[in-house]
Amino acid sequence: MPEITLSIPCEPYLAQWFRHDSGTEEIIELRKNSPESALLRVLLANKNSIPYIPPIPKGDELKIRIPHFKGMPPEYFNRISPRGEKAFIDLIRQRFDLRLFSDLSPILHAAHRRDELIYAWMEANGIEDSETNWCAVDKRLRRMIDRLQTKIRVRKYRAAKKKF
């Protein structure tokens, strides 16, 4: 029996990272009890309940093998709604952000060239070296750092305000 897959469009750097993180190149097999697998179990619907809408290519596509969940055979439960696709991509994006920030934040202040540091991280995590990918990764990292600095600034302001 052929494998039943689900195609979800996403940004190229995110698809490349997720394929590298999963350890596959073509069809991704989700790890058992992973957050993605748990979310997919919730989001999968019967093929008769959701009309088929062909995906609009946004850059790259994740091809995910639909695992066998108890009481949900992939022959029948093989569709996901557009909101479900967005939720799945958001989960992958959150994991990407967490890995990016946890890997680079301890050494970012010591690095002289942030661009070389990001390129090295991209290479180590299976993301193609291109200007577009670098800009996307840099923007995500910069926004996370800005949010953290804003939280620290607000915390210091509130602590100083309580003293008076």
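One can find the structure itself at the top, above this paragraph.
First, a word on scope: everything that follows refers to the structure included in this document. Throughout this document, residue positions are counted from 1 along each chain, in the order its sequence is written. In view of the model being predicted, local features appear only for residues whose pLDDT reaches at least 70, and side-chain atom pairs are presented and counted only at 80 or more, with totals across whole chains, interfaces and linings using the full set of residues. Side-chain figures throughout are based on the complete set of non-hydrogen atoms in the structure, without hydrogens or water.

Here we look at the sheet that holds strand β1 (residues 5–10)
Strand pairing in a sheet takes place through backbone hydrogen bonds and is either antiparallel or parallel in direction.
Piece 1. Strand pairing requires that DSSP identify at least two bridges connecting the strands. Numbered from the N terminus, helices here are DSSP runs of H or I no shorter than four residues, and strands are runs of E no shorter than two. Taken together, three strands build an open sheet; the order of strands is β1-β4-β2 and the sheet is mixed. Edge positions in the sheet fall to β1 and β2 (27–29), since each of these pairs with one other strand and no more. Between one strand and the next, the sheet's axes are offset by a mean angle of 35 degrees, whatever the strand orientation.
Piece 2. Strand direction decides the pairing type here: β2 and strand β4 (residues 60–65), joined by three bridges, are parallel. The residue bridging Ile-28 from the neighbouring strand is Ile-64, located in β4.
Piece 3. Any two residues having at least one pair of non-hydrogen atoms within 4.5 Å are treated as being in contact. Axes here refer to lines fitted to C-alpha atoms; in helices the fit is confined to the stretch in contact. Angles between the N-to-C directions go from 0 to 180 degrees. Its contacts with the sheet place helix α1 (residues 12–22) against β1, β2 and β4, and it is angled at close to 30 degrees to β4.

Digging into unusual backbone geometry
Piece 1. Backbone geometry places Asn-33, a non-glycine residue, at a positive phi of 65 degrees.
Piece 2. Along the chain, Asn-33 falls in the loop between β2 and α2 (35–43).

A few points about the side chain of Arg-19
Piece 1. The residue Arg-19 is located in helix α1 in this model.
Piece 2. As used in this structure description, the phrase polar contact means that two N or O atoms lie within 3.5 Å; if the pair is within protein, one of them must be able to donate a hydrogen and the other to accept it, and residues adjacent in sequence are counted only when both atoms belong to side chains. Separated by 3.3 Å, the side chains of Arg-19 and Asp-60 make a polar contact.
Piece 3. At a separation of 2.6 Å, a polar atom in the side chain of Arg-19 contacts the main-chain carbonyl oxygen of Glu-61.
Piece 4. Those residues in contact with Arg-19 that lie beyond four places of it in its chain are Thr-24, Glu-25, Glu-26, Ile-28, Asp-60 and Glu-61.

Remarks on the side chain of Gln-16
Piece 1. In this structure, Gln-16 sits in helix α1.
Piece 2. Accessibility here uses a 1.4 Å probe with only protein chains present; expressed as a share of the type maximum, an area under 20% marks a residue as buried, one over 50% as exposed, and anything in between as partly exposed. You can call Gln-16 buried: its relative accessible area is 14%.
Piece 3. A distance of 2.7 Å separates a polar atom in the side chain of Gln-16 from the backbone nitrogen of Glu-128.
Piece 4. Apart from the residues within four sequence positions on either side, Gln-16 is in contact with Asp-60, Asn-125, Gly-126, Ile-127, Glu-128 and Asn-133.

Describing the pairing of β4
Piece 1. Pairing between β1 and β4: six bridges, direction antiparallel. Directly across from Ser-7, in β4, lies its bridge partner Lys-63.

Topic: α2
Piece 1. Turning to α2, its buried residues are Glu-36, Ser-37 and Leu-40. End-on view of α2: buried residues confined to an arc of 95 degrees, all on one side of the axis.
Piece 2. Elements that come into contact with the buried residues of α2 comprise β1, α1, β4 and α3 (82–108). Taken from the helix axis, the directions to the C-beta atoms give the arc we talk about.

Looking at the packing of aromatic side chains
The geometry of an aromatic ring pair is captured by the separation of the ring centres together with the interplanar angle, meaning the angle of the planes.
Piece 1. Centres within 6.5 Å are what make two rings of Phe, Tyr or Trp a pair, Trp counting through its six-membered ring; a difference in plane orientation under 30 degrees is then read as stacked, over 60 as edge-to-face, and the rest as tilted. Evaluation of the coordinates by the stated rule reveals four aromatic pairs.
Piece 2. With a centroid separation of 5.6 Å and an interplanar angle of 75 degrees, the aromatic rings of Phe-96 and Trp-121 are classed as edge-to-face. Placement of the pair is Phe-96 in helix α3 and Trp-121 in helix α4 (residues 114–124), with a sequence separation of 25 residues.
Piece 3. By relative accessible area, which is 6% here, Trp-121 ends up buried.
Piece 4. With a centroid separation of 6.1 Å and an interplanar angle of 25 degrees, the aromatic rings of Tyr-119 and Trp-134 are classed as stacked. On the criterion of sequence distance, the pair formed by Tyr-119 in helix α4 and Trp-134 in helix α5 (residues 131–163) is long-range, its members being 15 residues apart.

What about the nonpolar core?
Piece 1. Residues enter a nonpolar core if they are buried and are Ala, Val, Leu, Ile, Met, Phe, Trp, Tyr or Cys, with the set joined through side-chain atoms within 4.5 Å. In this structure, Leu-62, Phe-96 and Trp-121 are the most contacted members of the largest nonpolar core, which totals 36 residues.
Piece 2. Contributions of two or more residues to this core are made by β1, α1, β4, α3, α4 and α5.
Piece 3. The element contributing the most residues to this core is α3, with seven residues.
Piece 4. Aside from chain neighbours lying at most four places away, what touches Phe-96 is Tyr-13, Leu-14, Trp-17, Trp-121, Ile-127, Val-137 and Arg-140.

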